[in-house]
Structure formats: C-alpha cells, structure tokens
Amino acid sequence: MASSNEPFFVDVDALQDHGISAQDIQKLKASGVATVKGVQQATRKNLCKIKGLSEVKVDKIKEAAAKVLPNAFITGAEAASRRSTVFHISTGAKAVDAILAGGIESQSMTEIYGVSELAKLKWPTLSVSWLSSLAIWVVLKERSLTLTLRELSDLSVS
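This section reports on the structure supplied with the text. (Residues numbered from 1 in each chain as written. Predicted model: local features only at pLDDT ≥ 70, side-chain atom pairs only at ≥ 80, totals over all residues. Heavy atoms only, no water.)

Structural notes on the pattern of salt bridges
Line of reasoning, step 1. This model, assessed by the stated rule, comprises 6 salt bridges.
Line of reasoning, step 2. Ionic pairing is found between Lys27 and Asp24, a salt bridge with its closest N-O pair at 3.7 Å. Residue Lys27 and its partner Asp24 are both found in helix α1 (residues 22-30); the two are separated by 3 residues, about one turn of the helix.
Line of reasoning, step 3. Lys27 gets classed as partly exposed once you look at its relative accessible area, which sits at 26%.
Line of reasoning, step 4. With a shortest N-O distance of 2.9 Å, Arg44 and Asp59 are connected by a salt bridge. With a gap of 15 residues between them, Arg44 in helix α3 (residues 44-48) and Asp59 in helix α4 (residues 55-68) connect regions that are remote in the sequence.
Line of reasoning, step 5. By sharing partners, the salt bridges in this structure join Asp24, Lys27 and Lys57 into a single network. (Salt bridge = Lys/Arg side-chain N within 4 Å of Asp/Glu carboxyl O. Helix = DSSP H or I, 4+ residues; strand = E, 2+ residues; numbered from the N terminus. Buried < 20%, exposed > 50% of the residue type's maximum accessible area, 1.4 Å probe, protein only.)

Structure, rendered in structure tokens:
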C-alpha cells in the first residue's frame, strides 16, 4: 500500500535515475507527459507515436515508471482512509459555506466564477489571511498555548 508521505506528483525527470536518457525524457515532456503517473496512464501505443520513441524504449520507460511508482492502484479502503484527512475551510459567508457543504475542501481545488461584480478576488486574500492565523494557532496549540482567533487576528505576522 502507498503511504500518505509519498509525493502526489512525481516529475518525469525521476525516470533518469532508472536508466532513461535525458533526451527521451525531453521527448516525453514535449509531448505533454510531465509526470510518472502520466507515463503509467498513457498507453504503449500512444507513447510509441512520440517521434523518436521505439517500442523497446517505451517498454523500458514503462518499466522505469513502475519502479518509481510501484503501486499505482489503491484499494477503496485506502482511498477512504486518505479522504478521512479532508477538512473544510469556511469562506466566511454562511450561504456559500452551505453551497460548498461546509466550506472549501482541503486537498482539492475549488473554482469560484461569476460576473465581475461578485468580488471573487477578495476571497483568496481573505482565505490566505485566515489560513495564516490558523497556522499560527496550530503552532501555538502544539506548544500547549491556546489563543482565540480574535487574539490571533490582533497579532502582527511578519
């Protein structure tokens, strides 16, 4: 089973440590394959369409990708376990939090769109400000000191 400490994306350059030439890696990147997972998900037939990659090279690249990320498959139980670490960050707007089922979900991307008068650019700024306060709170909590968010907002972060 894959551990949660593994990086989410492994750059295709990691294949060089397993005998794949820098030129072949450049060919992969030029064709839009930038991660080892992308190599694993691409079919041999599609990889052979890349100019300069023969079937023998593609097999070697696939074998190297399997060495870098040996366990691409995870069980449903492991996926559920990984999802258990997801939490929601409040947007500060109760109506929006209700639409988002509790706020912006961690470990995911949330896109906010609409007409220009909606002040969409203010939300990331407010979120970053709130997250910095939360980070300070977590650090202080680890040291057995507890402060309210109001007290945190009074602290100046340098």
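Picking up where we left off.
A look at the environment of Gln16
Line of reasoning, step 1. Among the structural elements, Gln16 can be located in the segment before α1.
Line of reasoning, step 2. A C-alpha to C-alpha distance of 8.7 Å links Gln16 and Ala64, two positions 48 residues apart in sequence.
Line of reasoning, step 3. What Gln16 contacts, discounting residues up to four positions off in sequence, is Ala22 and Ile25. (Contact = heavy atoms within 4.5 Å.)

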